[in-house]
Amino acid sequence: MQVKQLVYERFRNLQDGTFEPYEGVNVITGENAQGKTNLLEAVWLFTGGKSFRGAKDRELVGFDAEDSRLTLDFFAAGRDQRAVIDIKQRRTAQLNGIAQSSAAKLAGVLCGVVFSPAHLSLIKGGPAERRHLMDAAYCQLRPSYVKTLTEYTRILTQRNALCKSGDMSAGASELFDLWDKQLAQAGCLLIYARQLYLKSMLPKARQIYHGLSGGKEEFDLRYLSTVPIADGQTAGEIAATMYQELRIRRKDDLAAGFTTVGPHRDDLEVLIDGHSARQYGSQGQQRSAVLAMKLAEATLLKDVTGERPIALLDDVMSELDTTRQDYILNHIRDWQVFITCCDPTPLLRLTDGRCFTMKNGVLSTN
Ligand SMILES: Nc1ncnc2c1ncn2[C@@H]1O[C@H](COP(=O)(O)OP(=O)(O)O)[C@@H](O)[C@H]1O
Ligand SMILES: [Mg+2]
């Protein structure tokens, strides 16, 4: 897919205007607080996602305006299309002239991945974010996975309530038997899906990381489960192991007041040259690792959907050495890429692409 033109009106600090990107690499430079990230955010909203900055809809409307409108012309599914997003208190959308019930309905029409410095918390932050990365990515590939996640959470909430009650009666024990069985049935699917996702994504991430580091470093991922599973187990085998483990831990869980084992407690370890990126990685390595995972996600999306997603890379260049910057600028050939950066020097290394400057909300072509 390809973004052909974005028209923005009363959006954040952007002066009303038109952005006509190139089919390959687009670099937007400018000093701090000029509107570079705002421009990427405007494009990102067409993927149907929430703002990658976690902004509320009304924060997207220019300070002195009542509403905002974004119009995107793009090529996807073999034809030219147009989507419009109107933002007032909330976001509404039209696709090819037809009103959608919500802006989220645009999901899947324009596919994209985004890297923002906030995503560095994928490495530095807690396990919840890494679990979310796996689950969200798998949802994009298999939308029905959302149901499995919801079902697991529902059963978990009930089992947790029972743990909290501290009830050791025979009645409670029967209920535990029931929840343990159901939780293991749903939980095994989560663990299985995440492992499947990692198995498909890892070779791609390794290859990208290899390129980023100029062939000097090895990237690896390890799924750390609280359920003592072995490699290559079927979902049924995982369910049996998880059920056993839940039974063994029942007493501990009653003492803790929550369920201490299951995919909701699992983690993903990111390794560079065999060492934890979280504990030992440099800023540049951590940045490269997140970028490799994000681009691998895009590659996988491309393989599964047959469409090339767009890549939005916000502030990706800082703290990267010239080898890594060169790779980003000149070797991501598969997609339309949007890169923002403050320092324009790396652009001297851009062999094929287009540069724009953002100043005070005004975009100009270099
Ligand atoms: N709703 C809004 N209306 C007007 N200006 C806004 C709005 N939201 C953010 N801004 C301004 O946009 C600027 C930040 O733009 P941003 O795209 O993050 O800059 P950068 O070029 O550093 O990426 C800030 O000056 C901020 O005050
Ligand atoms: Mg920015």
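Everything in this summary refers to the structure shown in the same document. (Residues numbered from 1 in each chain as written. Chains lettered and ligands numbered in written order. Predicted model: local features only at pLDDT ≥ 70, side-chain atom pairs only at ≥ 80, totals over all residues. Heavy atoms only, no water.)

1. Brief notes about the overall build of the protein
Next up, step 1: Assigned secondary structure in the protein consists of nine helices and 15 strands.
Next up, step 2: Whereas a compact globule of 366 residues would reach a radius of gyration of roughly 21 Å, the protein reaches 23 Å, a difference of no more than 12%.
Next up, step 3: For the C-alpha atoms alone, the extent of the protein along its principal axes is close to 75 × 50 × 35 Å.
Next up, step 4: Taking the contacts inside the protein whose residues are at least 6 apart along the sequence as the reference set, 70% of them involve residues at least 24 apart.
Next up, step 5: As presented, the protein carries roughly 16800 Å² of accessible surface, and 50% of it is formed by carbon and sulfur atoms. (Helix = DSSP H or I, 4+ residues; strand = E, 2+ residues; numbered from the N terminus. Rg over C-alpha atoms; globule rule 2.2 N^0.38 Å. Contact = heavy atoms within 4.5 Å. Areas by Shrake-Rupley, 256 points an atom, 1.4 Å probe, with all protein chains shown as cover.)

2. Some details on the pattern of salt bridges
Next up, step 1: Considering all chains together, one arrives at 23 salt bridges under this definition.
Next up, step 2: The salt bridge involving Arg-69 is made with Asp-86; its shortest N-O contact spans 2.9 Å. Note that Arg-69 is positioned in strand E4 (residues 68-76) and Asp-86 in strand E5 (residues 79-87), a separation of 17 residues in sequence.
Next up, step 3: The exposure class of Arg-69 is partly exposed, given its relative accessible area of 31%. (Salt bridge = Lys/Arg side-chain N within 4 Å of Asp/Glu carboxyl O. Buried < 20%, exposed > 50% of the residue type's maximum accessible area, 1.4 Å probe, protein only.)

3. Considerations on the nonpolar core
Next up, step 1: Membership of the largest hydrophobic core comes to 79 residues, with the highest contact counts inside it found for Phe-219, Leu-221, Leu-313, Ile-328 and Ile-339.
Next up, step 2: Sorting elements by how many residues they give to this core places helix H5 (residues 170-212) first, with 18 residues.
Next up, step 3: Each of domain 1 (2-111 + 307-365) and domain 2 (127-278) accounts for three or more of the residues forming this core.
Next up, step 4: If we ignore the near neighbours within four places in the chain, the residues touching Phe-219 are Leu-202, Ala-205, Arg-206, Tyr-209, Val-270, Leu-271, Ala-289 and Met-293.
Next up, step 5: By size, the runner-up hydrophobic cluster in this structure holds 40 residues, among which are Leu-6, Leu-45, Phe-46 and Val-109. (Core = buried A, V, L, I, M, F, W, Y, C linked by side-chain atoms within 4.5 Å. Domains from an automatic or database assignment.)

4. Brief notes about the site of ligand 1
Next up, step 1: Taken together, 15 residues surround ligand 1, and among them Ala-33, Lys-36, Thr-37, Arg-53 and Val-61 come closest.
Next up, step 2: Asn-13 has a polar backbone atom sitting 3.5 Å from a nitrogen atom of ligand 1.
Next up, step 3: Take Glu-59: an N or O atom from its main chain is 2.8 Å from a nitrogen atom of ligand 1.
Next up, step 4: Relative to its free-state accessible area of 580 Å², ligand 1 is covered by the protein chains to the extent of 76%.
Next up, step 5: Taken together, the residues of the shell around ligand 1 break down into three nonpolar, seven polar and five charged. (Near = heavy atom within 4 Å. Polar contact = N/O pair within 3.5 Å; in protein donor to acceptor, adjacent residues only side chain to side chain. Nonpolar A, V, L, I, M, F, W, Y, C, P; charged D, E, K, R; others polar.)

5. Overview of the environment of Thr-340
Next up, step 1: Note that Thr-340 resides in strand E13 (residues 337-341).
Next up, step 2: The spacing of Thr-340 and Glu-66 is 274 residues in sequence and 28 Å in space, taken between C-alpha atoms.
Next up, step 3: Reaching out from Thr-340, the side chain makes a polar contact with the backbone nitrogen of Asp-315 at a distance of 2.8 Å.

6. As for the packing of helix H4 (residues 145-165) against helix H6 (residues 235-256)
Next up, step 1: Two numbers describe how H4 lies on H6: the axes approach to 10 Å, and their chain directions differ by 35 degrees. Residues Tyr-152, Arg-159, Leu-162 and Cys-163 of H4 form the contact with H6, whose participating residues are Met-242, Leu-246, Arg-250, Asp-253 and Leu-254.
Next up, step 2: Class assignment for the residues of the contact of H4 with H6 results in six nonpolar, no polar and three charged. (Axes fitted to C-alpha atoms, helices over the stretch in contact; angles between N-to-C directions.)

7. Description of the sheet that holds strand E2 (residues 17-19)
Next up, step 1: Reading across the sheet, the six strands line up as E2-E1-E4-E5-E6-E7 and stay open at both edges, with antiparallel pairing between neighbours. Of all the strands in the sheet, just E2 and strand E7 (98-100) have a single pairing partner and so form its edges. Each neighbouring strand pair of the sheet contributes to a mean axis angle of 20 degrees, computed without reference to strand direction.
Next up, step 2: The pairing of strand E1 (residues 2-9) with E4 spans seven bridges and is classified as antiparallel. Counted as the bridge partner of Gln-5 is Asp-73 from E4. (Pairing = 2+ DSSP bridges.)

8. Here's the deal with the pairing of E13
The side chains of a regular strand alternate between the sheet's two faces.
Next up, step 1: Among the five residues that make up E13, five are buried, leaving the element largely enclosed by the rest of the structure.
Next up, step 2: Burial of E13 is two-sided: the residues Val-337, Ile-339 and Cys-341 facing one way and the residues Phe-338 and Thr-340 facing the other way are all buried.
Next up, step 3: Of the pairings in the sheet, the one linking strand E3 (residues 25-29) to E13 comprises five bridges and is parallel in character. Following the sheet pairing, Val-25 is matched in E13 by Val-337.
Next up, step 4: Looking at chain direction, strand E12 (residues 310-313) and E13 are connected through three bridges and run parallel. Looking at E13, one finds that Leu-313 is bridged to Ile-339.
Next up, step 5: Handedness of the E12-helix H9 (residues 322-330)-E13 crossover: right-handed. (Right-handed = clockwise from strand over helix to strand, strands pointing away.)

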